[in-house]
Amino acid sequence: MDFLKEGERLDYLLAEDMRIIQSPAVFSFSLDAVLLARFVYVPIQKGNLIDLCSGNGVIPLFLSTRTKGAITGVEIQERLHDMAVRSIEYNKLQERIKMIHGDIKEIHQVLGYGKFDVVTCNPPYFPTPSREEINENEHLAIARHEILCTLEDAIKASSGLARQGGKVAFVHRPGRFLDIVTLMRKYKLEPKRVQFVYPKAGKEANTLLIEAVKNGNPDLKILPPLFVYNEENEYTSEMREILYGE
């Protein structure tokens, strides 16, 4: 298939009638991306949305099923950007989704300030480890560790892109919750909705979903917990709805 390069495969996007190009050696999206794309508020009929740290474009593709607005993705790694562009072309969404190959720390030079209704970001989760500990696969290391982009970089860029009253949503690890809230408030993003995701009942949360409003008033809502698996180690009804549309 002309759309695929060596080592790549074409996967279904679960509940969506779309396909996405992935490569185990380069990047494969995780459940976190699915959860963020479902969690964030989106305007249905129109609007400007942007996804930072887009990887292979999975969140823009998911968002395209929830809104008729214009969607932009930003990815710094050339190989992942190329995969995203080809996935968008495969799904014939070039008129609705565009990808930018660039650094989110410099994205305002390209896109300006305050022009987006919704900003999403699934940033690298982990501080940069020592050279001995870091993943030898450069693509995976950059995606997972704050090598080219820190949490503060991502929040600062998101705030600059969001219009007054615009929504900014992140998925991250619960251990960074207070860091995220502190940084969001530093950059005039007021957290409004938080949801913790648990592997199953009785386990600690391992994922955090948070949405803020640019220059919003303080009023944080903690949403009901989301459990991924039930006691039989099968997806819960909530997760089946998210993943398969059941």
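Heads up: the structure comes first, above all this text.
So, here's what we can say about the structure. (Residues numbered from 1 in each chain as written. Predicted model: local features only at pLDDT ≥ 70, side-chain atom pairs only at ≥ 80, totals over all residues. Heavy atoms only, no water.)

Looking at the packing of aromatic side chains
Next up, step 1: Going through the model one piece at a time under the given rule, you end up with 5 aromatic pairs.
Next up, step 2: Ring centres of Phe29 and Phe62 lie 6.1 Å apart, and the angle between their planes is 90°; this geometry places the pair in the edge-to-face category. With Phe29 in the loop between strand 2 (19–22) and helix 1 (31–39) and Phe62 in helix 2 (residues 58–63), this pair connects stretches of sequence that are 33 residues apart. The same class applies to Phe29 and to Phe62, which are both buried.
Next up, step 3: Residues Tyr229 and Tyr235 carry aromatic rings whose centres are separated by 5.1 Å and whose planes lie at 10° to one another, so their mutual orientation is stacked.
Next up, step 4: Overall, Tyr229 belongs to the partly exposed group, its relative accessible area being 33%.
Next up, step 5: The partly exposed category is assigned to Tyr235, whose relative accessible area is 26%. (Phe/Tyr/Trp six-rings, centres within 6.5 Å; stacked < 30°, edge-to-face > 60°. Helix = DSSP H or I, 4+ residues; strand = E, 2+ residues; numbered from the N terminus. Buried < 20%, exposed > 50% of the residue type's maximum accessible area, 1.4 Å probe, protein only.)

As for unusual backbone geometry
Next up, step 1: Even without being a glycine, Cys53 presents a positive backbone phi close to 55°.
Next up, step 2: As for its position among the elements, Cys53 is in the loop between strand 3 (48–52) and helix 2.

Section: the environment of Lys167
Next up, step 1: On the secondary structure map, Lys167 appears in strand 7 (residues 162–172).
Next up, step 2: Distance in space between the C-alpha atoms of Lys167 and Val213 is 4.8 Å, their sequence separation being 46 residues.
Next up, step 3: Those residues in contact with Lys167 that sit more than four places away from it in its chain are Tyr41, Asp117, Val118, Val119, Glu211, Ala212 and Val213. (Contact = heavy atoms within 4.5 Å.)

Examining the side chain of Ser23
Next up, step 1: Looking at where Ser23 falls in the secondary structure, it is placed in the loop between strand 2 and helix 1.
Next up, step 2: Judged by relative accessible area, which is 2%, Ser23 ranks as buried.
Next up, step 3: A polar contact is formed between the side chain of Ser23 and the backbone oxygen of Gly7, at a distance of 3.3 Å.
Next up, step 4: Ignoring anything within four residues of it in the chain, the contact list for Ser23 reads Gly7, Glu8, Ser28 and Met83. (Polar contact = N/O pair within 3.5 Å; in protein donor to acceptor, adjacent residues only side chain to side chain.)

Comments concerning the packing of helix 6 (residues 151–161) against helix 7 (residues 177–186)
Next up, step 1: Axis separation between helix 6 and helix 7 bottoms out at 9 Å; the angle between their running directions is 40°. The orientation of helix 6 relative to helix 7 falls into the category oblique. Crossing hand, helix 6 versus helix 7: right-handed. Contacts between helix 6 and helix 7 involve Leu151, Glu152 and Ile155 on the former and, on the latter, Asp179, Ile180, Leu183, Met184 and Lys186.
Next up, step 2: Grouping the amino acids of the contact of helix 6 with helix 7 by side-chain chemistry returns 5 nonpolar, no polar and 3 charged. (Axes fitted to C-alpha atoms, helices over the stretch in contact; angles between N-to-C directions. Parallel < 35°, antiparallel > 145°, perpendicular 65-115°, else oblique. Left-handed = near helix turned anticlockwise from the far one by under 90°. Nonpolar A, V, L, I, M, F, W, Y, C, P; charged D, E, K, R; others polar.)

Some details on the pattern of salt bridges
Next up, step 1: For the structure shown, the criterion picks out 13 salt bridges.
Next up, step 2: One salt bridge connects Asp179 with Arg176, and the closest N-O pair in it is separated by 2.9 Å.
Next up, step 3: For Asp179, a relative accessible area of 35% corresponds to the partly exposed category.
Next up, step 4: Counted as one network, the salt bridges with shared partners bring together Lys5, Glu8, Arg79, Asp82 and Arg86. (Salt bridge = Lys/Arg side-chain N within 4 Å of Asp/Glu carboxyl O.)

Things to note about the nonpolar core
Next up, step 1: Leu13, Phe29, Val58, Leu61 and Leu63 are the most contacted members of the largest nonpolar core, which has 40 residues in total.
Next up, step 2: A total of 6 residues in this core trace back to one element, the largest contributor, which is helix 1.
Next up, step 3: Excluding its chain neighbours within four sequence positions, the residues that come into contact with Leu61 are Leu13, Met18, Arg19, Ile20, Ser87, Ile88, Asn91, Leu93 and Ile97.
Next up, step 4: Core analysis: the next-biggest nonpolar cluster, separate from the first, contains 31 residues, Val74, Leu111, Val119 and Leu183 among them. (Core = buried A, V, L, I, M, F, W, Y, C linked by side-chain atoms within 4.5 Å.)

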